[in-house]
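# Structure assessment
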Amino acid sequence: MPFGNTHNQLKMKYSAAQEYPDLSKHNNHMAKVLTEELYAQLRDKTTPSGFTLDDVIQTGVDNPGHPFIMTVGCVAGDEETYEVFKDLLDPVIEDRHGGYKPSDTHKTDLNPDHLKGGDDLDPDYVLSSRVRTGRSIRGFCLPPHCSRGERRAVEDLAVEGLGSLDGDLKGKYYALKNMTDEEQQQLIDDHFLFDKPVSPLLLASGMARDWPDARGIWHNDNKTFLVWVNEEDHLRVISMQKGGNMKEVFNRFCTGLTKIESLFKEKGHEFMWNEHLGYVLTCPSNLGTGLRAGVHVKLPCLSKHEKFGEILKKLRLQKRGTGGVDTAAVGGVFDISNADRLGFSEVELVQMVVDGVKLLVEMEKRLEKGQSIDELMPAQK
Amino acid sequence: AECVRRAVMTSGNIHNKFKMKFSAEEEFPDLSKHNNHMAKALTFEIYKKLRDKQTPSGFTLDDVIQTGVDNPGHPFIMTVGCVAGDEETYEVFKDLLDIVIQDRHGGYKPTDKHKTDLNYKNLKGGDDLDPKYVLSSRVRTGRSIIGYTLPPHSSRGERRAIEKLSIEALNSLDGEFKGKYYPLKDMTDKEQQQLIDDHFLFDKPVSPLLLASGMARDWPDARGICEGCEEATGSWGSAGGVMKLVLVSVTHAVSPSPLPLPLLLQIEAVFKKHNHGFMWNEHLGYVLTCPSNLGTGLRGGVHVKLPNLSKHAKFEEVLNRLRLQKRGTGGVDTAAEGGVFDISNADRLGFSEVEQVQMVVDGVKLMIEMEKKLEKGGSIDSMVPAQK
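Residues numbered from 1 in each chain as written. Chains lettered and ligands numbered in written order. Predicted model: local features only at pLDDT ≥ 70, side-chain atom pairs only at ≥ 80, totals over all residues. Heavy atoms only, no water.

Under an unreviewed UniProt entry, chain B has the name Creatine kinase M-type and belongs to Polyodon spathula. The annotation that UniProt attaches to chain B under Function (unreviewed entry) is "Reversibly catalyzes the transfer of phosphate between ATP and various phosphogens (e.g. creatine phosphate). Creatine kinase isoenzymes play a central role in energy transduction in tissues with large, fluctuating energy demands, such as skeletal muscle, heart, brain and spermatozoa." (UniProt positions renumbered as here; feature names shortened; annotations may be inferred.)

In the annotation of an unreviewed UniProt entry, chain A is listed under the name creatine kinase and assigned to Polyodon spathula. What UniProt records for chain A under Sequence similarities (unreviewed entry) is the sentence "Belongs to the ATP:guanido phosphotransferase family." Here chain A is described in UniProt, under the heading Catalytic activity (unreviewed entry), as follows: "creatine + ATP = N-phosphocreatine + ADP + H(+)".

Right under this line is the structure:
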């Protein structure tokens, strides 16, 4: 939806009151934070690449709220957005990330040796394991704002970098616009294909412009390591496999990411990162690690238990249906993953998933036998 | 599910300052799979020439073309693929838009002049179309208000100012046209249902063609409908910053005054009082968001029963020669039901309002005669008209 409003040069003739959006029916993080005073203060600012306050908030103006999810309602167009508009984004970040303060520092830890256990989740219950994150390449605007030239340059860099991976990580790139029907079907069957987004939340940010130009999917021959290019972020990196060996998934994840990062550095490009926000991504909800580590796990008894929601909260986990963020669980199988992104390291978050899921499976087994789980109730992490 | 797919596209690309660091080749869109007027017209050379230009309000080439880049084509309709963000767009980007206009409007040249004629007394006949065949009649057009940018580009402040002016103008109408304004965001359920029943309600667009232009931003802020007390008339104000006027007559014949001259003039007078007349020039006529609506912006049409004629092999040819087009009764993208068609003028630019409505009146009269002949098993070969 957003378009020219955001760079309309006549709008400064109007007062802040005349331009301030009507957020009276809105319920998202941006709407909770953006007062008229704050709007007045920030409305004439732009980042060096030209991203404005109206650019940041348009998605939240156009999408008042979601019935089940507290949406973020704002996006970044470049690395500097988080600085120029910190008066808006710091409170959004604090609200979204459990009280994370402007003065807090974020820890990055991608050393898989630091993960304890995680290789022995019961495969009778844990059907698959997956870790994903995103990365942005410094010097380029983010998907809501990037030009075709920038997007194509990001794709070129990604293809070049990924092309030099070898061993377990050797693979192939499939550009969305050149895919054959056969390739497309295979990628759908493998659950790898991403398509033009349909969610108005995503579309309203501008990330789908020029689709499918410069978008593509890369995966290794073993189909356990996958990179999406120019979808919601410059890069989305995914490691996954069947069964419960999260340790192996995380190993590959860290190895692959570190290799990709060094390949980019060789070409003179770094990932966007700073010690306050960690890895910088398009959506404020993905700052920090940008990491979602999760399993598909059978919990038919536990999921019906009245304390299921409470247990997840204490373990700092969240549940989704197996179709992803907006879906329902099918056959008692849930997608269980870390709830946090910022303020904990990658290792810490995966550890929470590993330990938490181990406990959930124990509880499930107890309930199957008709036993109580009261003594297994965890403390708040 | 279909309307979920048709979601919103936006653009920040268009004011991205880094893009000039990339060459024209690197930025030129891939139009190899595209089939719309913009894609036909936009060569690499034109892109290169225009890519660093912008209008005084900041509308860029990428703004103009984004909808055409994001929507390669429609299976049945040759889409335009570009929009204007302000009056100056048609000047600053004339190297692209003149070609599009020429292609879309039957060869209309950059040097041609457009005639405006809103004097309904110049219409001959039109009050005697057979009500057994013609179910309803309708005339619509649009107007843009000088001094404001157009819906793809307008800010909330501008859109609200337009709404305010429109309400004032519409409130000054009286007699047959006296009515009430319903802002979209304050409508009660009852009011909404009534407007739906009257076929007056417009809702947030779902077509990606429209959405990709940015016109639906901040919906439903500053959008509304003004409905006349007479069931026979209704007008929409401020459909996103441009006044879109629709006059619907649900009586059985074309109204004696199908052209709302008094109405349009009255409304325009109020805007002029505030130094905000309508955008118009002698080359393009009335200036509107979509290049396809330049000139008169007028679509005058009827819902007419033509079950026999519509199955005739020469139906299309007849329509072409009469300079008419057919649509289903649900609008531009729909199918005809029960042999009832929406028949309207095909042209917008290069003919005056009176001339276009005259073509509808004369053309529909002829088609009804053909329908009656076919009903009786007769031939219509001798009735096929010359090319208008």
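And the narrative resumes.
### Thoughts on the overall build of chain B
If you tally the helices and strands in chain B, you get 13 helices and 10 strands. Residue burial in chain B is summarised as follows: out of 388 residues, 57% are buried. Long-range pairs, those at least 24 residues apart, make up 73% of the contacts in chain B with a sequence separation of at least 6. Summed over all atoms, the accessible surface of chain B reaches about 16,400 Å², with 53% contributed by carbon and sulfur. (Helix = DSSP H or I, 4+ residues; strand = E, 2+ residues; numbered from the N terminus. Buried < 20%, exposed > 50% of the residue type's maximum accessible area, 1.4 Å probe, protein only. Contact = heavy atoms within 4.5 Å. Areas by Shrake-Rupley, 256 points an atom, 1.4 Å probe, with all protein chains shown as cover.)

### Regarding the pattern of salt bridges
According to the stated counting rule, one finds 48 salt bridges over all chains in the structure shown. Measuring nitrogen to oxygen at the nearest pair gives 2.8 Å for the salt bridge that ties B:Lys372 to B:Asp130. Here B:Lys372, found in helix H13 (residues 353-375), pairs with B:Asp130, found in the loop between helix H7 (94-104) and strand E1 (134-143); they are 242 residues apart in sequence, far enough to count as distant. Linked by salt bridges that have partners in common, A:Lys11, A:Asp54, B:Arg156, B:Arg159 and B:Asp218 make up one network. (Salt bridge = Lys/Arg side-chain N within 4 Å of Asp/Glu carboxyl O.)

### Focus on the interface of chain B and chain A
Facing the 59 residues of chain B at the interface are 57 residues of chain A. Buried area between chain B and chain A, both sides added, is near 4,300 Å², and the carbon and sulfur share of it is 48%. Across the contact surface, chain B and chain A share four salt bridges. In this structure, B:Asp30 and A:Lys177 form a salt bridge, with 2.7 Å as the shortest nitrogen-oxygen distance. (Buried area = accessible area lost by both parts, 1.4 Å probe.)

### Here we look at the sheet that holds strand E5 (residues 235-242) of chain A
All names here are of chain A. On the basis of which strands lie adjacent, the open sheet formed by eight strands has the order E2-E3-E4-E5-E1-E8-E10-E9 and antiparallel pairing. A single partner strand is all that each edge strand has here, and the edge strands are strand E2 (171-175) and strand E9 (317-320). The mean angle between the axes of side-by-side strands here comes to 20°, regardless of whether they run parallel or antiparallel. As paired elements, strand E1 (residues 126-135) and E5 share eight bridges and run antiparallel to each other. Bridge pairing in E5 places Ser129 opposite Gln241. (Pairing = 2+ DSSP bridges. Axes fitted to C-alpha atoms, helices over the stretch in contact; angles between N-to-C directions.)

### Quick look at helix H8 (residues 156-171) of chain B
Structural remark: α-helix, 3.6 residues per turn; residues separated by three or four positions point the same way. All names here are of chain B. Over its 16 residues, H8 runs 22 Å from end to end, which matches the ideal 22 Å to within 8%, given 1.5 Å per residue. H8 sits mainly inside the fold: 12 of its 16 residues count as buried. Every buried residue of H8 is accounted for by Arg156, Gly157, Glu158, Arg159, Arg160, Ala161, Ile162, Glu163, Leu165, Ser166, Ala169 and Leu170. (Expected span 1.5 Å × (residues − 1).)

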